[in-house]
Amino acid sequence: MVRSRRLYERIRIMTGLESEETQVRRAVCPGSFDPITNGHLDIISRASRLYDEVYVAVMINKSKKGLFDVEERLDLIRQVTAEYSNVRVESFHGLLVDFCKQRDIPAIVKGLRAVSDFDYELQMAQMNNGLSGVETLFIPTNPTYSFLSSSLVKEVAAWGGDVSHLVPPQVLEALVRRLRKD
(Lines give C-alpha, C1' and ligand atoms only; values in the text may rest on other atoms or scores of the structure.)
Protein backbone atom coordinates (compact mmCIF):
# COMPACT_ATOMS: atom_id res chain seq x y z
CA MET A 1 0.00 0.00 0.00
CA VAL A 2 2.77 2.44 0.92
CA ARG A 3 4.67 1.57 -2.25
CA SER A 4 1.61 2.16 -4.44
CA ARG A 5 1.00 5.51 -2.72
CA ARG A 6 4.60 6.56 -3.41
CA LEU A 7 4.26 5.49 -7.05
CA TYR A 8 1.03 7.46 -7.36
CA GLU A 9 2.70 10.56 -5.89
CA ARG A 10 5.66 10.18 -8.25
CA ILE A 11 3.32 9.95 -11.26
CA ARG A 12 1.43 13.05 -10.08
CA ILE A 13 4.69 15.01 -9.89
CA MET A 14 5.98 13.80 -13.28
CA THR A 15 2.69 14.52 -15.06
CA GLY A 16 2.27 17.95 -13.52
CA LEU A 17 -0.76 16.94 -11.49
CA GLU A 18 1.10 17.85 -8.32
CA SER A 19 -0.15 21.07 -6.78
CA GLU A 20 2.09 23.57 -5.02
CA GLU A 21 0.95 22.08 -1.73
CA THR A 22 -0.03 18.44 -1.45
CA GLN A 23 -3.19 18.12 0.60
CA VAL A 24 -2.68 15.69 3.47
CA ARG A 25 -5.79 13.60 4.08
CA ARG A 26 -6.47 13.47 7.82
CA ALA A 27 -9.11 11.73 9.90
CA VAL A 28 -9.78 11.10 13.55
CA CYS A 29 -11.01 7.96 15.34
CA PRO A 30 -12.42 9.24 18.65
CA GLY A 31 -13.44 7.31 21.73
CA SER A 32 -12.78 6.55 25.35
CA PHE A 33 -10.84 3.34 24.58
CA ASP A 34 -11.10 2.05 28.16
CA PRO A 35 -9.55 -0.28 27.09
CA ILE A 36 -8.84 -0.43 23.37
CA THR A 37 -10.21 -3.66 21.83
CA ASN A 38 -9.54 -5.63 18.67
CA GLY A 39 -12.70 -4.04 17.27
CA HIS A 40 -11.23 -0.57 17.77
CA LEU A 41 -7.97 -1.72 16.21
CA ASP A 42 -9.80 -3.06 13.17
CA ILE A 43 -11.39 0.34 12.53
CA ILE A 44 -8.10 2.21 13.14
CA SER A 45 -6.24 -0.14 10.81
CA ARG A 46 -8.81 0.30 8.05
CA ALA A 47 -8.80 4.08 8.49
CA SER A 48 -5.00 4.10 8.29
CA ARG A 49 -5.26 2.63 4.79
CA LEU A 50 -7.73 5.31 3.70
CA TYR A 51 -6.03 8.41 5.14
CA ASP A 52 -2.51 9.84 5.21
CA GLU A 53 -2.77 10.67 8.91
CA VAL A 54 -5.13 9.13 11.44
CA TYR A 55 -5.49 10.59 14.90
CA VAL A 56 -6.76 8.34 17.65
CA ALA A 57 -8.35 10.83 20.03
CA VAL A 58 -8.93 9.63 23.57
CA MET A 59 -11.75 11.56 25.15
CA ILE A 60 -11.15 12.92 28.64
CA ASN A 61 -14.31 12.86 30.72
CA LYS A 62 -13.42 13.88 34.27
CA SER A 63 -16.89 12.99 35.53
CA LYS A 64 -16.35 9.32 34.62
CA LYS A 65 -13.96 7.02 36.46
CA GLY A 66 -12.36 4.69 33.95
CA LEU A 67 -10.56 1.44 34.65
CA PHE A 68 -7.44 2.96 33.10
CA ASP A 69 -6.49 6.61 33.44
CA VAL A 70 -6.01 8.64 30.26
CA GLU A 71 -2.21 8.33 30.25
CA GLU A 72 -2.44 4.54 30.57
CA ARG A 73 -4.92 4.40 27.68
CA LEU A 74 -2.70 6.60 25.52
CA ASP A 75 0.28 4.37 26.27
CA LEU A 76 -1.62 1.16 25.47
CA ILE A 77 -2.96 2.62 22.21
CA ARG A 78 0.50 3.77 21.19
CA GLN A 79 1.84 0.28 21.84
CA VAL A 80 -0.82 -1.52 19.83
CA THR A 81 -0.78 0.95 16.91
CA ALA A 82 3.02 1.20 16.66
CA GLU A 83 3.03 -0.69 13.37
CA TYR A 84 0.99 2.08 11.72
CA SER A 85 3.40 4.89 10.89
CA ASN A 86 0.56 7.27 10.04
CA VAL A 87 -1.34 6.91 13.33
CA ARG A 88 -1.03 9.60 16.02
CA VAL A 89 -2.46 9.19 19.51
CA GLU A 90 -3.64 12.16 21.57
CA SER A 91 -6.16 13.00 24.25
CA PHE A 92 -8.77 15.74 24.19
CA HIS A 93 -11.52 17.24 26.25
CA GLY A 94 -14.32 19.40 25.01
CA LEU A 95 -15.86 19.23 21.57
CA LEU A 96 -14.44 16.81 19.03
CA VAL A 97 -14.97 19.41 16.29
CA ASP A 98 -12.60 21.77 18.12
CA PHE A 99 -9.97 19.00 18.18
CA CYS A 100 -10.53 18.61 14.43
CA LYS A 101 -10.29 22.36 13.71
CA GLN A 102 -7.04 22.70 15.66
CA ARG A 103 -5.43 19.94 13.58
CA ASP A 104 -7.09 20.61 10.20
CA ILE A 105 -8.94 17.27 10.29
CA PRO A 106 -11.96 17.22 7.98
CA ALA A 107 -13.22 13.70 8.74
CA ILE A 108 -14.28 11.57 11.69
CA VAL A 109 -14.16 7.78 11.28
CA LYS A 110 -16.59 5.74 13.36
CA GLY A 111 -17.20 2.01 13.46
CA LEU A 112 -20.80 0.82 13.49
CA ARG A 113 -21.64 -2.48 15.16
CA ALA A 114 -25.42 -2.48 14.75
CA VAL A 115 -28.36 -0.42 13.54
CA SER A 116 -28.78 0.89 17.08
CA ASP A 117 -25.29 2.47 16.84
CA PHE A 118 -26.33 4.21 13.63
CA ASP A 119 -29.24 6.11 15.21
CA TYR A 120 -27.01 7.77 17.80
CA GLU A 121 -23.97 8.21 15.54
CA LEU A 122 -26.04 9.80 12.76
CA GLN A 123 -27.26 12.49 15.17
CA MET A 124 -23.67 13.13 16.29
CA ALA A 125 -22.47 13.25 12.67
CA GLN A 126 -25.14 15.76 11.73
CA MET A 127 -24.38 17.91 14.77
CA ASN A 128 -20.63 17.86 14.08
CA ASN A 129 -21.19 18.74 10.44
CA GLY A 130 -23.57 21.54 11.38
CA LEU A 131 -21.10 22.97 13.91
CA SER A 132 -17.99 22.85 11.76
CA GLY A 133 -18.46 21.13 8.41
CA VAL A 134 -16.53 18.05 9.59
CA GLU A 135 -17.76 14.93 7.80
CA THR A 136 -18.24 11.52 9.41
CA LEU A 137 -17.36 8.27 7.66
CA PHE A 138 -19.08 5.17 9.01
CA ILE A 139 -17.24 1.88 8.65
CA PRO A 140 -19.18 -1.30 9.33
CA THR A 141 -17.51 -3.35 12.01
CA ASN A 142 -16.02 -6.67 11.08
CA PRO A 143 -18.73 -9.23 12.04
CA THR A 144 -16.18 -10.93 14.31
CA TYR A 145 -16.35 -7.84 16.56
CA SER A 146 -20.00 -6.85 16.13
CA PHE A 147 -20.83 -7.57 19.79
CA LEU A 148 -17.61 -6.16 21.24
CA SER A 149 -17.36 -3.16 23.54
CA SER A 150 -14.85 -2.02 26.15
CA SER A 151 -17.57 -2.30 28.80
CA LEU A 152 -18.21 -5.95 27.99
CA VAL A 153 -14.50 -6.73 27.97
CA LYS A 154 -14.10 -5.18 31.43
CA GLU A 155 -17.13 -7.00 32.82
CA VAL A 156 -16.13 -10.42 31.47
CA ALA A 157 -12.52 -9.96 32.58
CA ALA A 158 -13.64 -8.86 36.06
CA TRP A 159 -15.53 -12.14 36.44
CA GLY A 160 -12.49 -14.14 35.30
CA GLY A 161 -13.69 -14.78 31.75
CA ASP A 162 -11.25 -15.24 28.87
CA VAL A 163 -10.99 -12.05 26.81
CA SER A 164 -7.66 -12.90 25.18
CA HIS A 165 -9.27 -13.07 21.73
CA LEU A 166 -10.93 -9.68 22.18
CA VAL A 167 -7.98 -7.44 23.05
CA PRO A 168 -4.32 -7.17 22.02
CA PRO A 169 -1.83 -9.02 24.27
CA GLN A 170 -0.52 -5.78 25.84
CA VAL A 171 -4.06 -4.81 26.82
CA LEU A 172 -4.80 -8.26 28.22
CA GLU A 173 -1.70 -8.05 30.37
CA ALA A 174 -2.67 -4.59 31.64
CA LEU A 175 -6.26 -5.74 32.31
CA VAL A 176 -5.12 -8.74 34.34
CA ARG A 177 -2.71 -6.59 36.37
CA ARG A 178 -5.36 -3.93 37.03
CA LEU A 179 -8.10 -6.35 37.99
CA ARG A 180 -5.78 -8.16 40.41
CA LYS A 181 -5.24 -4.85 42.25
CA ASP A 182 -8.96 -4.15 42.69
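Residues numbered from 1 in each chain as written. Predicted model: local features only at pLDDT ≥ 70, side-chain atom pairs only at ≥ 80, totals over all residues. Heavy atoms only, no water.

1. Let's talk about the packing of aromatic side chains
Each pair of aromatic rings is reported with the distance of its centres and the angle of its planes.
Then, in step 1: One pass over the full model with this rule turns up 3 aromatic pairs.
Then, in step 2: An angle of 50° between the planes, with centres 5.5 Å apart, marks the rings of Phe92 and Phe99 as tilted.
Then, in step 3: Given the relative accessible area of 8%, Phe92 is considered buried.
Then, in step 4: For Phe99, a relative accessible area of 3% translates into the label buried.
Then, in step 5: Look at Phe118 and Phe138: their rings are 5.7 Å apart centre to centre, the planes differ by 70°, and that puts the pair in the edge-to-face class. Separated by 20 residues along the polypeptide, Phe118 in helix H5 (residues 115–132) and Phe138 in strand E5 (residues 135–140) bring together distant segments of the chain.
Then, in step 6: A relative accessible area of 22% places Phe138 in the partly exposed class. (Phe/Tyr/Trp six-rings, centres within 6.5 Å; stacked < 30°, edge-to-face > 60°. Buried < 20%, exposed > 50% of the residue type's maximum accessible area, 1.4 Å probe, protein only. Helix = DSSP H or I, 4+ residues; strand = E, 2+ residues; numbered from the N terminus.)

2. Quick notes on the pattern of salt bridges
Then, in step 1: Scanning the model with the defined rule gives 12 salt bridges in all.
Then, in step 2: Across the pair Arg88 and Glu53 runs a salt bridge whose closest N-O atoms are separated by 3.8 Å. Of this pair, Arg88 sits in strand E3 (residues 87–92) while Glu53 sits in strand E2 (residues 53–59), placing them 35 residues apart in sequence.
Then, in step 3: For Arg88, a relative accessible area of 32% corresponds to the partly exposed category.
Then, in step 4: We note a salt bridge from Arg113 to Asp117, for which the minimum N-O separation is 3.1 Å.
Then, in step 5: Residue class for Arg113 comes out partly exposed when judged on its relative accessible area of 37%. (Salt bridge = Lys/Arg side-chain N within 4 Å of Asp/Glu carboxyl O.)

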